[in-house]
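Read off the chains here:
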Amino acid sequence: MANQSTSHPILCASFNQDNSCFAIGTRDGFKIFDCNTGRLLYERVVGAFVIVEMLYSSSLLAIVGAGEQPSLSPRRLCLFNTTSGTALRELNFLTSILAVRINRKRLVVVLLEKTFIYDINSLEIKDTIDTVPNLKGLCAFSASLDGPFLALPASTVKGSVLVYNAIDLHSHCEIDAHRAPLAAMVFSSNGMYIATASEQGTIIRVHLVSEATKSYSFRRGTYPSTIFSLAFGPSADLPDILLATSSSGSTHVFSLGFDLNQRSRKSSSFLGSLMPGSVSDALDPAHHRVFHHAFPAGVRSNAVVRRIDKVSDTSIPGPMALRATISVITSGGYFQEYGFRINHKNEASWTLEHEFNLLTATAEIGSN
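Notes on the structure follow. Only a predicted model underlies this, so the values are computations on that prediction, with no experimental measurement involved.

**So, the state of the cysteines**
With the rule as written, the count across this model stands at zero disulfides. The thiol of Cys35 is unpaired, and the distance to the nearest cysteine sulfur, on Cys21, comes to 6.3 Å.

Structural data, given as structure tokens:
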């Protein structure tokens with residue numbers, strides 16, 4: 001999530017690869033928080049930042065300034081050590097850096113028409129990808145080394161996705177996901193699936209990356225809306241749910257493997273256990289839950305599913321019960337944690353469990 005509007009105090013916000021921590025950039029500096037406790041772990045007040053990316057819970061940060069002072073140029077990437085409080089390396093580019101992504105092997109830097117892939121340890125350039133103009137710096141990068149995929153827009157007129165293997169350094173496939181240009185995309189934690197939304201924001205699609213085939217289509221709504229963030233639930237295989245936040249102020253939860261677990265008993269085939277019986281299955285409202293007015297309309301948000309717990313009661317027919325922990329950062333300066341539940345009757349409920357102001361947080365915040 002990046003937002004340079006002066007009307008919002010948070011310029012950028014991102015969760016780390018396992019969603020245990022998150023970082024925000026403001027006009028004053030940047031902060032790192034623990035997701036479980038809400039505790040402020042690190043703060044540096046040196047000027048405005050538009051990109052702050054973590055590498056899991058390590059001391060390494062990739063940071064990019066907003067350009068409000070010469071030392072914080074938007075064309076300069078700084079690899080920063082929070083333990084020593086010093087810059088480890090700086091990389092300078094000819095144009096503004098629009099996005100940065102990291103995993104344990106690769107550093108990805110997205111510019112308007114080029115994307116650079118570096119070895120994270122040596123900072124050797126491994127590859128340079130020429131792209132279509134990518135004004136929003138849209139990209140998705142898998143943290144998994146078993147599915148080390150990078151996704152970039154492949155067109156400015158339709159929602160095509162270039163999927164690139166960032167370890168073996170070759171194009172994997174191109175997916176025609178939407179008729180309208182892309183607005184959001186994300187990989188599942190294992191890199192097996194990619195979810196996408198277009199600028200229309202009415203349909204969200206999920207593709208199986210290995211085959212470049214569509215597995216699900218979900219209708220978010222009838223009227224256009226900007227999708228601010230997409231996130232899969234944590235899973236070693238097929239995720240249970242897909243989460244989306246939109247400019248309408250709503251949070252959407254779509255059921256994937258959770259509801260399909262029951263249907264898979266009717267099919268002995270491998271694909272039958274992974275895919276809906278038909279497109280209408282995925283468009284069924286029973287697979288879509290909406291939390292309206294989760295945050296003010298128009299306020300950018302970044303949400304993730306941090307944990308999923310399931311309870312099976314074999315004495316009750318129907319789906320097993322599910323509880324998900326969902327964390328949300330808004331550009332208005334708030335962190336919210338919700339408990340999302342689906343009971344054995346397939347009824348859904350939301351509970352706001354924690355909320356605090358990110359801008360006033362101090363090291364003594366504890367677990368507000």
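Next comes the rest of the write-up.
**Focus: the nonpolar core**
Among the nonpolar cores identified, the biggest contains 31 residues, and Phe22 and Ile326 are the most heavily contacted of them. Put simply, the parts of the chain that give this core at least two residues each are strand 1 (10-15), strand 2 (21-26), strand 22 (241-246), strand 25 (301-311), strand 26 (321-330), strand 27 (334-342) and strand 28 (348-357). Residue contributions to this core peak at five residues, all from strand 26. Every residue in contact with Phe22, bar those within four places of it in the chain, is listed here: Ser14, Phe15, Lys31, Ile32, Phe33, Cys35, Met54, Ile329, Phe335 and Leu358. Core analysis: the next-biggest nonpolar cluster, separate from the first, contains 23 residues, Ile51, Leu79, Leu111 and Phe116 among them.

**Things to note about the sheet that holds strand 3 (residues 29-34)**
Pairing within the open sheet is antiparallel, and its four strands lie in the order 1-2-3-4. With one partner strand each, in any of the chains shown, strand 1 and strand 4 (40-45) form the two edges of the open sheet. Adjacent strand axes in the sheet meet at a mean angle of 10°, parallel and antiparallel pairs treated alike. Relative to strand 4, strand 3 runs antiparallel, the two sharing five bridges. Residue pairing for strand 4: Ile32 is matched across the bridge by Tyr42.

**A few points about the layout of surface pockets**
In this structure, the second largest pocket occupies an estimated 220 Å³ of space. If you trace the second largest pocket, you find 16 residues lining it, with Phe49, Ile63, Ser71, Leu72 and Cys78 closest to the centre. The set of elements that each furnish at least two residues to the lining of the second largest pocket consists of strand 6 (60-65), strand 7 (76-81) and strand 8 (86-92). Each residue belonging to the lining of the second largest pocket can be placed in one class, and the counts come to nine nonpolar, four polar and three charged.

**Considerations on the sheet that holds strand 21 (residues 227-232)**
If you walk across this open sheet you meet the four strands as 21-22-23-24, and the pairing is antiparallel. A strand with exactly one partner marks an edge of an open sheet, and here the two such strands are strand 21 and strand 24 (288-291). Pairs of neighbouring strands in the sheet enclose a mean axial angle of 15°, with direction left out of account. As defined by bridge partners, strand 21 adjoins strand 22 across five bridges and the pair is classed as antiparallel. Within the sheet, the bridge partner assigned to Ala231 lies in strand 22 and is Leu243.

**Some remarks on the pairing of strand 11 (residues 114-119)**
Most of strand 11 sits out of view: five of its six residues are buried. Two strands pair when backbone bridges link them, and strand 10 (residues 106-110) and strand 11 are joined in this way by five bridges, in the antiparallel orientation. Among the inter-strand pairings, Val108 is bridged to a residue of strand 11, identified as Ile117. What sits between strand 10 and strand 11 in their antiparallel hairpin is a turn of three residues. The pairing of strand 11 with strand 12 (residues 125-130) spans five bridges and is classified as antiparallel. Looking at strand 12, one finds that Ile117 is bridged to Asp127. Linking strand 11 back to strand 12 in an antiparallel pair, the connection comprises five residues, with Leu123 at a positive phi of about 60°.

**A look at unusual backbone geometry**
Phi is positive for Leu123, which is not a glycine, with a value near 60°. Unusually for a residue other than glycine, Ala212 sits at a positive phi of about 55°. Of note, Ala212 is situated in the loop between strand 19 (203-208) and strand 20 (213-219).

**Comments concerning the packing of aromatic side chains**
Here the distance between the centres and the angle between the planes together describe a pair of aromatic rings. If you walk through the whole model with that rule in mind, you get 18 aromatic pairs. An angle of 70° between the planes, with centres 5.2 Å apart, marks the rings of Phe291 and Tyr338 as edge-to-face. With Phe291 in strand 24 and Tyr338 in strand 27, the pair connects residues that are 47 residues apart, well separated along the chain. Residue Phe291 is classed as partly exposed on the basis of its relative accessible area of 21%.

**Observations regarding the environment of Asn346**
Tracing the backbone shows Asn346 in the loop between strand 27 and strand 28. Linking Asn346 and Leu322, residues 24 residues apart in sequence, is a C-alpha distance of 9.3 Å. A polar atom in the side chain of Asn346 sits 2.7 Å from the side chain of Arg289.

**Section: the pattern of salt bridges**
All chains considered together, the criterion is met by 14 salt bridges. A salt bridge links Lys136 to Glu199, with the shortest nitrogen-to-oxygen separation between them at 3.6 Å. Separated by 63 residues along the polypeptide, Lys136 in the loop between strand 12 and strand 13 (140-141) and Glu199 in the loop between strand 18 (193-198) and strand 19 bring together distant segments of the chain. Among the residues examined, Glu199 registers a relative accessible area of 43% and is labelled partly exposed. The shortest N-O distance in the salt bridge between Glu353 and Arg323 comes to 2.6 Å. Taken together, the positions of Glu353 in strand 28 and Arg323 in strand 26 put the pair 30 residues apart, joining distant regions of the chain. For Glu353, a relative accessible area of 29% corresponds to the partly exposed category. Several salt bridges share partner residues, and in doing so they unite Arg323, Arg341 and Glu353 into one network.

Rules used throughout
Residues numbered from 1 in each chain as written. Predicted model: local features only at pLDDT ≥ 70, side-chain atom pairs only at ≥ 80, totals over all residues. Heavy atoms only, no water. Disulfide = S-S within 2.5 Å. Core = buried A, V, L, I, M, F, W, Y, C linked by side-chain atoms within 4.5 Å. Buried < 20%, exposed > 50% of the residue type's maximum accessible area, 1.4 Å probe, protein only. Helix = DSSP H or I, 4+ residues; strand = E, 2+ residues; numbered from the N terminus. Contact = heavy atoms within 4.5 Å. Pairing = 2+ DSSP bridges. Axes fitted to C-alpha atoms, helices over the stretch in contact; angles between N-to-C directions. 1 Å grid on protein atoms, 1.4 Å probe; cavity = no way out; pocket = protein on both sides within 12 Å on 5 of 7 lines; lining within 4 Å. Points joined across faces, edges and corners; volume = space filled by probe spheres on them. Nonpolar A, V, L, I, M, F, W, Y, C, P; charged D, E, K, R; others polar. Phe/Tyr/Trp six-rings, centres within 6.5 Å; stacked < 30°, edge-to-face > 60°. Polar contact = N/O pair within 3.5 Å; in protein donor to acceptor, adjacent residues only side chain to side chain. Salt bridge = Lys/Arg side-chain N within 4 Å of Asp/Glu carboxyl O.

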